[in-house]
Amino acid sequence: MDFRSLTYFESVARLQSVSSAAAECIVSQPAISKQIAGLETRLGVKLFHRASTGMVLTPAGRKLYELSADILHRARHAETVMRAMYRDEPQLTAVTQETTAHFLLAPFIAETGAPIIDLRTVRPYDVDRTLDEDADLAVGTHRPPDHRECRTVSVSPVLVQCAPQEAAHFDDAGLVELAAVSGSDVLVPGHGSGVELAVRSASARHGIKLESARSVNSPTVAQALAANGRGLALVTDPPRFGVRAFPLVVDGHPIEVPIYLSWDRDHYATNLIAALGDDLRAWLAAQPPWISMAG
């Protein structure tokens, strides 16, 4: 079983079409069909049924498809490692959550030329799991497990964001106490976001009940609703949609979300990733994107 035939098989299985696989692999349809036929002959099994809906995997095909994903991933990873180690071409993939990718990592890559070639975005609670599966480093708001190497690269303040007509309630102090929003309609990004964890932890420690708090799908949704006067958004993102932003505090102390960079201790590029973490920390300290958000 060679790498090319397995690549063609995986493409046909995923796209359920020989013609689509040929276009993706930039080869002719007969070339794809020949490789699939040869693979079936070598394995002694039928891998596909032709149906009106396209190429349908047989039970043997489904099993090979399960195995091929891991085999192809390992082969491509080996190619990346060898290129990085012996041709001095580091190519790192980072996993993070969508807002961190958009507001922190993408600008960091653009301005510094950091050796990151792709950003995978997942829900906050999936960041570390995805690091195990398909990434070289992770940047997230959940503290990594103890078996990871880790850097705290920054802390980001939680902001209360509201429609301009509601900002008068907060303009005098310039800060918003958590207790002051406890009776308001509060919008918090869910799915285990760093904001959700930080706000609920502060509420529990200080005995503050957020009776009307509601989890929403993302910070962008929270901001959009806040701009429309439908609640107070608690987020770390830069203000959008014309909202005003104020730091959220509890007993005068800011509520903050730590940002961690983590990776496997035995990663082949551990020194490079550690240096990248130091660079990211310095870059964020020099120009934190939230420095001019409030007020």
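Anything mentioned here points back to the structure above.
Conventions adopted
- Sequence order as written defines the numbering, with residues in each chain counted from 1.
- Owing to the predicted nature of the model, reporting of local features is limited to residues with pLDDT of at least 70; listing and counting of side-chain atom pairs is limited to 80 or more, with chain, interface and lining totals taken over all residues.
- The side-chain numbers reported here are obtained from all heavy atoms of the structure, hydrogens and water having been left aside.
- Counting from the N terminus, the helices are the DSSP runs of H or I reaching at least four residues and the strands are the DSSP runs of E reaching at least two.
- Every radius of gyration here is taken over C-alpha atoms, with the globule rule written as 2.2 Å times N^0.38, N being the number of residues.
- Type-normalised accessible area, obtained with a 1.4 Å probe on protein chains alone, sets the label of each residue: buried when under 20%, exposed when over 50%, and partly exposed for intermediate values.
- In this analysis, two residues are considered to be in contact whenever any of their non-hydrogen atoms come within 4.5 Å of each other.
- Neither His nor the chain ends is counted toward charge; the positive residues are Lys and Arg and the negative residues Asp and Glu.
- Salt bridge, as used here, is a side-chain nitrogen of Lys or Arg placed within 4 Å of a carboxyl oxygen of Asp or Glu.
- Each residue after the first adds 1.5 Å to the expected span of a helix.
- All axes are obtained by fitting lines to C-alpha atoms, using only the stretch in contact for helices, and the reported angles, taken between N-to-C directions, cover 0 to 180 degrees.
- Throughout this description, any angle smaller than 35 degrees is read as roughly parallel, any larger than 145 degrees as roughly antiparallel, any in the 65 to 115 degree range as roughly perpendicular, and the remainder as oblique.
- Pairing of aromatic side chains requires ring centres within 6.5 Å, counting the rings of Phe and Tyr and the six-membered ring of Trp. Pairs whose planes differ by under 30 degrees are stacked, by over 60 edge-to-face, and all others tilted.
- Should the near helix be turned anticlockwise from the far one by less than a right angle, the crossing is termed left-handed; should it be turned clockwise, right-handed.
- The classification used treats Ala, Val, Leu, Ile, Met, Phe, Trp, Tyr, Cys and Pro as nonpolar, Asp, Glu, Lys and Arg as charged, and all other residues, Gly among them, as polar.

1. Some remarks on the overall build of the protein chain
Per the secondary structure count, the protein chain includes ten helices and 14 strands. In terms of overall size, the protein chain is more extended than a compact globule, its C-alpha atoms giving a radius of gyration of 24 Å where 295 residues would be expected to give roughly 19 Å. Along the first, second and third principal axes, the C-alpha atoms of the protein chain reach 75 × 45 × 30 Å. For the protein chain, the proportion of its 295 residues judged to be buried stands at 46%. Restricting the contact set of the protein chain to residue pairs at least 6 apart, pairs at least 24 apart contribute 75%.

2. Description of unusual backbone geometry
A positive phi angle is found at Phe-241, which is not glycine, with a value near 65°. Residue position: Phe-241 is located in the loop between strand 11 (232-235) and strand 12 (244-250). Residue Phe-241 is classed as partly exposed on the basis of its relative accessible area of 48%. One non-glycine residue, Asp-251, adopts positive backbone phi at about 55°. Here Asp-251 falls in the exposed class, since its relative accessible area comes to 56%.

3. Comments concerning the side chain of Glu-40
Here Glu-40 shows up in helix 3 (residues 29-43). No salt bridge is formed by the buried Glu-40, whose closest oppositely charged neighbour, Lys-46, lies at an N-O distance of 4.8 Å.

4. Some words on the side chain of Ser-11
For Ser-11, the location among the structural elements is in helix 1 (residues 3-15). Discounting chain neighbours no more than four positions away, the residues touching Ser-11 are Gln-16, Ala-21, Glu-24 and Cys-25.

5. Some details on helix 1
In this model, helix 1 (13 residues) spans 18 Å end to end at C-alpha, consistent with the 18 Å of a helix rising 1.5 Å per residue. Within the sequence span of helix 1, burial applies to Ser-5, Leu-6, Thr-7, Tyr-8, Phe-9, Glu-10, Ser-11, Val-12 and Ala-13. Two residues or fewer after helix 1 comes Gln-16, characterised by a positive phi angle close to 60°.

6. Focus on the packing of helix 2 (residues 18-25) against helix 3
Orientation of helix 2 relative to helix 3, taken along the N-to-C sense of each, is 105°, at an axis distance of 8 Å. In terms of axis orientation, helix 2 runs roughly perpendicular to helix 3. When helix 2 is examined against helix 3, the residues Val-18, Ser-19, Ala-21, Ala-22 and Cys-25 are found in contact with a partner set consisting of Gln-29, Ile-32 and Ser-33.

7. Some remarks on the packing of aromatic side chains
In this structure the tally under the stated criterion is two aromatic pairs. On the basis of an interplanar angle of 50° and a centroid distance of 5.5 Å, the ring pair of Phe-9 and Phe-48 is categorised as tilted. One end of the pair, Phe-9, is in helix 1; the other, Phe-48, is in strand 1 (residues 48-51), and 39 residues separate them in sequence. The exposure class assigned to Phe-48 is buried, which follows from its relative accessible area of 4%.

8. Quick word on the packing of helix 1 against helix 2
Helix 2 packs onto helix 1 with a crossing angle of 130° between their chain directions and a minimal axis gap of 8 Å. Taken together, the axes of helix 1 and helix 2 are oblique relative to one another. With respect to the hand of their crossing, helix 1 and helix 2 are arranged in right-handed fashion. Together, Tyr-8, Ser-11, Val-12, Arg-14 and Leu-15 of helix 1 and Val-18, Ser-20, Ala-21, Glu-24 and Cys-25 of helix 2 make up the contact between the two elements. Partitioned by chemical class, the residues of the contact of helix 1 with helix 2 number six nonpolar, two polar and two charged.

9. Re the pattern of salt bridges
If you walk through the whole model with that rule in mind, you get 13 salt bridges. For the salt bridge of Arg-240 with Asp-237, the shortest nitrogen-to-oxygen distance reads 3.3 Å. The class of Arg-240 is partly exposed, set by a relative accessible area of 24%. Overlapping salt bridges bring together Asp-128, Asp-132, Arg-148 and Asp-264 as one network.

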